[in-house]
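Report on the structure
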Amino acid sequence: MSTVLIIGAGGVGRVVAHKCVQNSETFTKIILASRTLSRCEEIASELPSGTVHVESVDADITADVVELIKKVGADIVINVALPYQDLTIMDACLETNVPYLDTANYEHPDTAKFEYKEQWAKDSAFKEKNLMALLGSGFDPGATNMFCAYAQKHYFDEIHTIDILDCNAGDHGYPFATNFNPEINLREVSANGRYWENGEWIETKPLELHMPWDYPEVGIKESYLLYHEEMESLVKHIKGLKRIRFFMTFGESYLTHMRCLENVGMLRIDEVDHHGQKIIPIQFLKTLLPDPASLGPRTTGKTNIGIVAEGIKDGKPRKVYIYQIKDHEECYAEVKSQGVSYTTGVPAVIGAKLMVEGTWNMSGTINMEQLDPDPFMEEMNKQGLPWQVKEL
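Reading guide: rules and limits
- Residues numbered from 1 in each chain as written.
- Predicted model: local features only at pLDDT ≥ 70, side-chain atom pairs only at ≥ 80, totals over all residues.
- Heavy atoms only, no water.
- Helix = DSSP H or I, 4+ residues; strand = E, 2+ residues; numbered from the N terminus.
- Rg over C-alpha atoms; globule rule 2.2 N^0.38 Å.
- Buried < 20%, exposed > 50% of the residue type's maximum accessible area, 1.4 Å probe, protein only.
- Pairing = 2+ DSSP bridges.
- Core = buried A, V, L, I, M, F, W, Y, C linked by side-chain atoms within 4.5 Å.
- Contact = heavy atoms within 4.5 Å.
- Axes fitted to C-alpha atoms, helices over the stretch in contact; angles between N-to-C directions.

Our focus in this paragraph is the overall build of the chain. Secondary structure assignment for the chain yields 14 helices and 18 strands. For 392 residues, the compact-globule estimate of 2.2 N^0.38 gives 21 Å, and the C-alpha radius of gyration of the chain, at 20 Å, lies within 12% of that figure. Overall size of the chain, expressed as C-alpha extent along the three principal axes, is 55 × 55 × 40 Å. A total of 392 residues make up the chain; the buried ones form 58% of that total.

Take a look at the structure:
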């Protein structure tokens, strides 16, 4: 018997709720909570009556999260709220002695910077309570970390280089929209790029470095180097690593719109005065753009996310491509959500399932690649994210 508390009722929260219901033998009671109760009620209405209970919570306030955890008797908390709220929810889990899981690392509201430092700082507190805080159990981070760990375990004696390759070839029909929270998405893409090579971080201008990649079942897409959070932990845990990079695809329409918005100041994250009222431009832009959770019924095409690892096995060079392809329309038919939310939400449920069942049982703040990848990879095949391996 286990009670799961899901905090966050956006596109990923919808997927997590649906998949927890599909795994009711593990998650015997499911609570979905958000600041906006009506969002939770809408998701619950899509599922059999009584399978998902709804609550309201302000995840910015630790005391409110503590009260809710105690009220529902949660055995695990799945955090799919905003990355700004990671620390308050982690603190609530520490206070209530409940395991924690998220899909994205902490980001300070006033600084466009993704890093694990403040979450890793809670490692000793979670260890003292013999609690597990699983960080980044989405797709990237998450499944991509597992691909790296799986490659390290089964295909290499040493991995020297890793390229993480994220392609969304979906079409939602809008001139401009983002597939997940616009504020997080645009801050991520417009920031300077970074990659790790020979023991140091090398910074690039936004979208300065790019290359074409032939994505199976999608085709050749121009792929742009970004900084992405999973690299920060992978450089600590993949032995022999000399370089790691992250690439993501963008269409010309997306890039043109983003550059125009940035040029006129709409991506600013600081307050500006507008007729005597303080507003943050990027938050105002978020209000104007389509809600990512609304894109499901109109998105077609596929995602393809994976890693290319190169290194040595038995003294010989080896290069392996591990990837996963998902069709947006298939995702919507199953869980009423597009593929980007699906590929993030399903790994969150897999991670929570392995924690609740005791398959993964460590204490402290744990990144995905520190765990045995085999049960996760097996669950991916069962839960709707079948993956493939190709020797290059």
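Picking up where we left off.
Right, let's talk about the pairing of strand β3 (residues 52-56) for a bit. Sheet topology places strand β2 (residues 29-34) next to β3; five bridges connect them, and they run parallel. Directly across from I31, in β3, lies its bridge partner H53.

Here we come to the nonpolar core. The nonpolar side chains of soluble globular proteins are, as a tendency, buried together. Counting residues in each nonpolar core, the largest one holds 90 residues, and the members touching the most others are I162 and M380. With eight residues, the top contributor of residues to this core is helix α13 (residues 339-356). Setting aside anything within four residues of it in sequence, one finds I162 in contact with C148, I238, L241, R243, I244, R245, I307, V308 and A309. Core analysis: the second largest hydrophobic core is formed by 27 residues, A33, V66, M90 and Y116 among them.

This paragraph deals with the environment of K313. Turning to its location among the elements, K313 is positioned in strand β15 (residues 302-313). Residue K313 is classed as partly exposed on the basis of its relative accessible area of 25%. Considering only alpha carbons, one finds K313 and Y155, 158 residues apart in sequence, at a separation of 6.8 Å. For K313, the contacting residues outside a window of four places in its chain are Y155, F156, D157 and R318.

A few words on the sheet that holds β2. One open sheet accounts for seven strands, arranged β3-β2-β1-β4-β5-β6-β17; its pairing is parallel. With partners counted over all chains shown, the strands left at the sheet margins are β3 and β17 (364-367), one partner each. Across the sheet, the mean angle separating the axes of adjacent strands is 20 degrees when strand polarity is ignored.

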